[in-house]
Amino acid sequence: MSITGSEQWMYQFAADFYDFPIGQSLRFEDGDSAYLSRTPASASNRKTWTWSGWVKRGNLGAAYELFGCGANSTADTRCFFGSGGTGDQLEMYVRDSSTIRGRLITTQVFRDASAWYHIVVVWDSSNATSSNRFRLYINGDRVTSFATEVQPPLNTDSLWNSTQLSYIGRTRDDTNTPFDGYLADVNFIDGQALDPTSFGQTKSGIWIPKDTAGLTFGTNGFRLGYANSAAIGDDTSGNTNDFTVNNLVASDVVLDSPTNNFGVMSSIDKGDGTATYSEGNLKVSVGDNEEAFGSFGMSSGKWYWEIRYVSSASSNNKIGLGIADTAVPNNNEVTNNGHQGTTYAPNDILAVAVDVDNETFSFYKNGSIIETDTDWSAKGWASIKPIVTSSNSSGEEVCILNFGQDDTFAGAISATGNTDENGQGVFKYAPPSGFLSLCSANLPSGAIDTLADETPEDYFNTVLYSGNNNNSQTISGVGFEPSMLWIKCRDSVEHHHISDAVRGANKFLFSNETNAERTGSHDGGENTVAYTSDGFSFTSTGVADEINFGSRSYVAWNWKANAAGVSNTDGSITSTVSVGATSQQNWFSIVSWTGTGANATVGHGLNGATPELILLKNRNDATNWTAGCTHYPSGWQNYQRLNDTSAVLTASSVWNNTAPATSVFSVGTSNGANGSGDGIIAYCFANAEGLCKVGAYGPGTGNSNGPFVFTGFRPAFILVKGIGGTINWAIRDNKRLGRNPTEHYLIPDLSNVEGSASSTGVDFLSNGFRFRGGSGIGNLSGANYIYLAIAEQPFKYANAR
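Residues numbered from 1 in each chain as written. Predicted model: local features only at pLDDT ≥ 70, side-chain atom pairs only at ≥ 80, totals over all residues. Heavy atoms only, no water.

Caption draft 1: Spotlight on the pairing of strand β38 (residues 553-559). Counting buried positions along β38 yields 6 of 7 residues, so the element is predominantly enclosed. The pairing of strand β30 (residues 460-466) with β38 spans 7 bridges and is classified as antiparallel. The partner of Leu 464 across the bridge, within β38, is Val 555. Here strand β32 (residues 484-489) runs beside β38; their pairing, made up of 6 bridges, is antiparallel. Bridged to Leu 485 within β38 is Asn 558. (Buried < 20%, exposed > 50% of the residue type's maximum accessible area, 1.4 Å probe, protein only. Helix = DSSP H or I, 4+ residues; strand = E, 2+ residues; numbered from the N terminus. Pairing = 2+ DSSP bridges.)

Caption draft 2: Representation of the environment of Glu 306. Here Glu 306 shows up in strand β22 (residues 302-312). Residue classification places Glu 306 among the buried positions, given a relative accessible area of 0%. In the structure, Glu 306 is positioned 94 residues away from Ile 400 in sequence and 8.5 Å away in space, judged by C-alpha atoms. The contact partners of Glu 306, leaving out residues within four places of it in the chain, are Ile 349, Leu 350, Ala 351, Ile 400, Leu 401, Asn 402, Phe 409, Phe 427, Lys 428 and Tyr 429. A polar contact is formed between the side chain of Glu 306 and the side chain of Tyr 304, at a distance of 2.8 Å. (Contact = heavy atoms within 4.5 Å. Polar contact = N/O pair within 3.5 Å; in protein donor to acceptor, adjacent residues only side chain to side chain.)

Caption draft 3: Structural detail: the nonpolar core. Core analysis: the largest hydrophobic core is formed by 45 residues, its most contacted members being Trp 305, Val 388 and Leu 401. Looking at this core, the elements with two or more residues in it are β13 (181-190), β20 (283-286), β22, β23 (319-325), β25 (349-355), β26 (360-365), β28 (384-390) and β29 (397-402). Judged by nonpolar contacts, the second largest core, of 44 residues, contains Phe 28, Val 55, Val 186 and Phe 188. (Core = buried A, V, L, I, M, F, W, Y, C linked by side-chain atoms within 4.5 Å.)

Caption draft 4: Layout of the side chain of Ser 362. Residue placement: Ser 362 occurs in strand β26. Of the polar contacts made by the side chain of Ser 362, one reaches the side chain of Thr 372; its length is 2.8 Å. Among all residues touching Ser 362, those that are not within four sequence positions of it are Ala 351, Val 352, Ala 353, Ile 369, Glu 371 and Thr 372.

Caption draft 5: Region of interest: the layout of surface pockets. Taken as a whole, the largest pocket encloses approximately 670 Å³ of empty space. As for the largest pocket, its lining consists of 32 residues, and the residues nearest its centre are Ile 138, Asp 141, Arg 714, Gly 738 and Glu 792. Looking at the lining of the largest pocket, the elements that each hand over two or more residues are β7 (99-109), β10 (141-142), β15 (206-209) and β57 (785-794). It is β57 that provides the largest number of residues to the lining of the largest pocket, a total of 3 residues. Looking at side-chain class alone, the lining of the largest pocket contains 9 nonpolar, 14 polar and 9 charged residues. (1 Å grid on protein atoms, 1.4 Å probe; cavity = no way out; pocket = protein on both sides within 12 Å on 5 of 7 lines; lining within 4 Å. Points joined across faces, edges and corners; volume = space filled by probe spheres on them. Nonpolar A, V, L, I, M, F, W, Y, C, P; charged D, E, K, R; others polar.)

Caption draft 6: Fine view of the side chain of Glu 290. Among the secondary structure elements, Glu 290 is positioned in the loop between β20 and β21 (291-293). Within the structure, Glu 290 has its side chain in polar contact with the backbone nitrogen of Thr 274 (distance 2.9 Å).

Caption draft 7: Seen up close, the sheet that holds β32. Spatially, 6 strands are ordered β30-β38-β32-β33-β34-β35 in an open sheet, and the strand pairing comes out antiparallel. Each edge of the open sheet carries a strand with a single partner, namely β30 and β35 (518-519).

Caption draft 8: Representation of the pairing of strand β27 (residues 368-373) within the structure. For β26 and β27, the ladder comprises 5 bridges, and the chain directions are antiparallel. What sits directly across from Phe 361, in β27, is Asp 373. The hairpin formed by β26 and β27 contains 2 residues between the paired strands, and Asn 366 there has a positive phi angle of roughly 50°.

Caption draft 9: Region of the structure containing the packing of aromatic side chains. Tallied over the full model, the rule gives 46 aromatic pairs. Taking 5.4 Å as the distance between ring centres and 75° as the angle between the ring planes, the aromatic pair formed by Phe 110 and Tyr 117 counts as edge-to-face. Both residues of the pair, Phe 110 and Tyr 117, count as buried. Judged by centre distance (5.2 Å) and plane angle (80°), the rings of Phe 361 and Phe 363 are edge-to-face. Comparing Phe 361 with Phe 363, the two get one shared label, buried. Feature note: the residues Phe 460, Trp 486, Trp 557, Trp 559, Trp 587, Phe 588, Phe 685 and Phe 717 constitute an aromatic cluster, connected by ring pairs. The cationic tip of Lys 203 hangs over the ring face of Phe 17; the distance from NZ or CZ to the ring centre is 5.1 Å. (Phe/Tyr/Trp six-rings, centres within 6.5 Å; stacked < 30°, edge-to-face > 60°. Lys NZ or Arg CZ within 6 Å of the ring centre and 35° of its normal.)

Below, the structure is given as C-alpha cells:
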C-alpha cells in the first residue's frame, strides 16, 4: 500500500499514535450463546450511570445484545442492535411493568463490520433537563437523531444496577440473539453521568481510547479488559466485581483491538452467493460458486495469512484460496484449489503469501510451500483482497482464517505464537521473511502523516451554509484557504458553480451545462466571491443570485492546492499548475493552458503521481465538459461528459489515445479539450493511500444488497458515474446527513434540488462504501461505474461509521 517515494516498511505502529494501546478484545460467537453474567450483591445508583465499550460487529441484521438485565418479561433494561426492519439500528430501553420509562432507537444504522465503534450510554434520570436524561454517544459524538425517543420522567430508576442478574453480550431473555463480534475495554460507572471524554479523546481528527484506570467506578462499577485469558471475567477497576464466564474460553481472547484492527472476512462484501460467517467473521462456509472476501485491501507490500481447513460436504475438496481485485468489473480472481496433485483434508493448515509489488503469490500446506504463481501481471490490478471460494457442487466447504489475531483457530489447536518480523500477529507457522500480518499496525502511513496531526480535512472539506438574501457574508469552517470551490444550492433548482484560484475565485463554470466561463453567478448576480484563510466570502452589490439567496441551503466542496499556481513546462504546452499536496504526496492539481488545436502534452504538476481522473472544460466556448478515467473499458481512448448522462464515448481527438504519465497528460484536437487559442481548465486526481481513490465497481444489483467498494479509507466524498447507459453523475458526502445510510445526493449534470430516498442509500464505512438502495445513480442492476472518493479518515486509524 505504498505511496510515491515510500516503501512498505515505513510504518506507524499503534504505540506511536495511541496514548493508550489496547492489546486484546473478547470474541463473542452468537451460535455459542456466549456471554458474561453477574448478580450485584446490592443495588446501587439506579438513577445515574454510564456504560462505555468498544465494539466490532460480526454478523449483522438481527437483535444482537450488548448488555442488559431484567426481573421478568415486562421489567428490564436492554441495549442491542436490531430494531425495526434493518436489524442494525441501536436500541436502548428501560421498562417497568410493561411501561416504557426511557427508549432510544437510532435512525442511524451500524453496518460496519471491519472496524471499531466506541459506544457510550448514559442514564441520568435525575438531570433537570429532560432531554439530557437518556443519552447515546458514538465515537465521541452525541447522537441526536432518533426514530424513537422517550426520555424518562425525573428520577426514574432503571433495572440496570439493581440486584437483578446482569449480562454483557446478552439480555434477560435468552431467546433474543446474543451479541456477535468483539468487545474491548468495557467500563461501567456507578453513580456518575460521564461524557465520552472520560473514555476517549480526539487526536488528529480520530476518536481513540483513553486509559480509564483513574476513574471512580462506584460501588457496582467495573472494568473488563480481558487481559488475562485465564480469568476472562475479571474486573480490573479495583472493585473485584467479577463476571461469570458462559461459553467463552481462553482462545476467545484475541489480538484484534481498537488500536490494532485485524482483518476479517467481510460480511458486507459477500460477492456471489450466500456465504455464512461465524467466530468473529473468521469462519466461513462457502457453497458452489460462492465467494467470501477479506476486509483488507493490498496495493503494495508482502502479506501473509493462514487458513485451517475444517470440513467439506464431500470428498471432492474444491475450496479456492487466494486474491481478487478490489474493483469488481472484469474481476478475475487469482485462486488456487490446492495445487495439482496436492490434496488437503480437515485440520490441514493452508496459507497464502502475497508479494504485491512483484506480483507473485505462494501457497503453503502445513508449513511447506506447494506452489508460487505469477499470473495476475496482465490484469492491471490496483489493489487486491483475500478471497475464499468453492466450486463444490455437492455442498459447502468450511474453513477458518487467521490474519494474525488467533493462531488457535478458535481453540481448534494449541497456540504457537509465531509473529511477523514487525512483532505483530500470531501464527501457527512463522511467516516467510518480510511478509506481514493483515492488521492496522502494519499498514503504511500513506499520504496523511497522522503523527504530525495531519488529517484529510486539511486538504478537502465540505461545509454547509445558508444564504442571507444576497447580503455580504463570510463562510468559515473549511479549515484552509480553498484553491477550488464547488457550490450547489440544495433546496432550489440552481446551477452548480465551480471556481478555482488559477482562474479567479469569482469566475465560475457550471458542471450541468456547456456554457463558457462567467464572472459572478450563473444568473448574472453581482456577488463578488473571494477565498479566505478559512473559507470564502460574498460581497453584495444588491442583485440576487444563485449562491447566496434568501435562506436557501447550500453545500460547498473545497479543495486545497497551491493558490494561483506556477508555470509548468513539462509538456509541449506551457501550463499554469496549482498542486494539491499533503506532507507526503501530490494528489490533486488545477491545470490551465491555452489550446493549440493540435495533439499535445500538458504538464499536470503532480510530480511522480499519475492522474487517474481528469475533468476538463473549455473556458471560452460553449462545449461539453470532458471526463477521462483510467478505469474506462478502453482507458484513455474513452471519455464521458460531466454535463450529461451519456455512456462512455470513444474519440482519439480528446486524449489522443494516450494514458497520462507521471508528469504530463495528453490532449488531442477536440475543440472542447484543446481548442486553438481557447483557455482550458482541468482538474486532475491521483490515487493517494488513505486520502484519494479513483476506481471502478460493479455490476450493480438494483437492490439493497449493492456492491461494496474498497477504498482504503472512510469516505468524506464520493462522485460516481455509470459507464454504460444513460445514467446521471451523483455526489454524496459525509456532512449533509452525517450518518448511515447516506441518502442525500446531488447530480452534477442537472440543476435539480437535492434528492433523498431509501433507494439512493449508501453506507460510508471504515474501509470504503456500500450501496444500500437500487437507484441507478450508483446501483443500477447490471451497470458498472467509475468513482472518485476522498477520505475522512484513513483505514489505518478509521473508526467504524
